[in-house]
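Here is how the chains run, residue by residue.
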Amino acid sequence: MLRAGFRTILDSQPDIAVVGEAATGAEAVAKAAALRPDVITMDVQMPDMDGIEATRLIVADPTVSASIAIVTTFDRDDYLYQALDAGASGFLLKNAGADDLLAAVRALAAGDGMLAPEVTRRVLARFSTASAPIGSVGARASGEAPRQAVTPPAGAAPLPRLQPLGAAALSEPLTDREAEVLAQLADARTNAEIAAALFIGEATVKTHVSRILQKLGARDRVQAVVMAYRLGLA
């Protein structure tokens, strides 16, 4: 029933077409390879294979270039971080509105990422302290209250350890301007906001973002931010 609701919402838009559905994780992997969609909305808890593992397999397939948005009922940190670690580009809760779903699909189709507003701050807090022990997140900006510790629910799988990669992992060093743009991306700013902050045009921002993605080997902006923290660039 939920998939039928998603299809109704998405197919009602002139710029979006639903090309397939899957009832299990394994079926999602197979259909992604067969149908080559631009965007996949993926549940977490499914028969045969969960959505996290399905996401990991789809992202690893060089013949599939789909961006994946995890859409789940469960606002759980372990799902969130494991999804991003698996290569997801978006994370939405099922209590989001239809407009949020449409915005997420369009953002991912355009090569951007999409995180539910309520989880964005937790993502930044987690990745900015990737080398800290789980549950001891306490970094804060000047004048900002300490952030709450990130603790997985009882019985949940442990959060992935995001080991620093080091700047040497870059295929090519970032320029000073690209580093500035990347720092803005890490603050979850839009192209328009970055352009205003750095006094450059939006077209120039897009060019810098494309170069950053290429140098980081990232699929989209969300993955670029994850990589930036792991490389120690943000």
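Note that the structure is a prediction, hence the values are computed from the model and not measured.

## Overview of the layout of surface pockets
Inference 1: The volume enclosed by the largest pocket comes to roughly 870 Å³.
Inference 2: Around the largest pocket, the lining is made up of 34 residues, and of these V18, G20, V39, I40 and T41 lie nearest the centre.
Inference 3: Those elements that provide at least two residues to the lining of the largest pocket are α1 (2–11), α2 (25–35), β1 (39–42) and α5 (98–109).
Inference 4: When its residues are assigned to classes, the lining of the largest pocket shows 20 nonpolar, 4 polar and 10 charged.

## Overview of unusual backbone geometry
Inference 1: Backbone geometry places D48, a non-glycine residue, at a positive phi of 70°.
Inference 2: For D48, the location among the structural elements is in the loop between β1 and α3 (51–60).
Inference 3: Accessibility expressed as a relative area gives 68% for D48, which makes it exposed.

## Quick notes on the side chain of Q184
Inference 1: Within the secondary structure, Q184 sits in helix α7 (residues 176–186).
Inference 2: On the accessibility criterion, Q184 (12% relative accessible area) is buried.
Inference 3: Sequence-distant contacts of Q184, defined by excluding residues within four places in its chain, comprise R189, I194, A197 and L198.

## Points about the nonpolar core
Inference 1: Ranked by internal contacts, the top residues of the largest apolar core, which has 25 residues, are I40, M42, I58, I68, I70, A83 and F91.
Inference 2: Of all the secondary structure elements, the ones that give two or more residues to this core are α2, β1, α3, β2 (67–72), α4 (77–86) and β3 (90–93).
Inference 3: At 6 residues, α4 tops the list of elements feeding residues into this core.
Inference 4: Not counting the four nearest positions on each side in its chain, I68 is found in contact with I40, M42, T55, I58, V59, A88, S89, G90 and L108.
Inference 5: In this structure, L174, A186, A224 and Y229 belong to the second largest nonpolar core, which totals 20 residues.

## What about the packing of α7 against helix α10 (residues 221–230)?
Inference 1: Contact pair α7 / α10: the axes reach a minimum separation of 9 Å and the direction vectors enclose 105°. Put simply, α7 runs roughly perpendicular to α10. Here L182, L185 and A186 of α7 come into contact with α10, specifically with R221, A224, V225, A228 and Y229.
Inference 2: In terms of residue class, the contact of α7 with α10 is built from 7 nonpolar, no polar and 1 charged.

## Some words on the sheet that holds β1
Inference 1: On the basis of which strands lie adjacent, the open sheet formed by 4 strands has the order β1-β2-β3-β4 and parallel pairing. If you trace the sheet from one side to the other, it starts and ends with β1 and β4 (114–115), each paired once.
Inference 2: Alignment of β3 against β4, held across 2 bridges, turns out to be parallel. Looking at β4, one finds that F91 is bridged to L115.

Quick notes on the rules
- Residues numbered from 1 in each chain as written.
- Predicted model: local features only at pLDDT ≥ 70, side-chain atom pairs only at ≥ 80, totals over all residues.
- Heavy atoms only, no water.
- 1 Å grid on protein atoms, 1.4 Å probe; cavity = no way out; pocket = protein on both sides within 12 Å on 5 of 7 lines; lining within 4 Å.
- Points joined across faces, edges and corners; volume = space filled by probe spheres on them.
- Helix = DSSP H or I, 4+ residues; strand = E, 2+ residues; numbered from the N terminus.
- Nonpolar A, V, L, I, M, F, W, Y, C, P; charged D, E, K, R; others polar.
- Buried < 20%, exposed > 50% of the residue type's maximum accessible area, 1.4 Å probe, protein only.
- Contact = heavy atoms within 4.5 Å.
- Core = buried A, V, L, I, M, F, W, Y, C linked by side-chain atoms within 4.5 Å.
- Axes fitted to C-alpha atoms, helices over the stretch in contact; angles between N-to-C directions.
- Parallel < 35°, antiparallel > 145°, perpendicular 65-115°, else oblique.
- Pairing = 2+ DSSP bridges.

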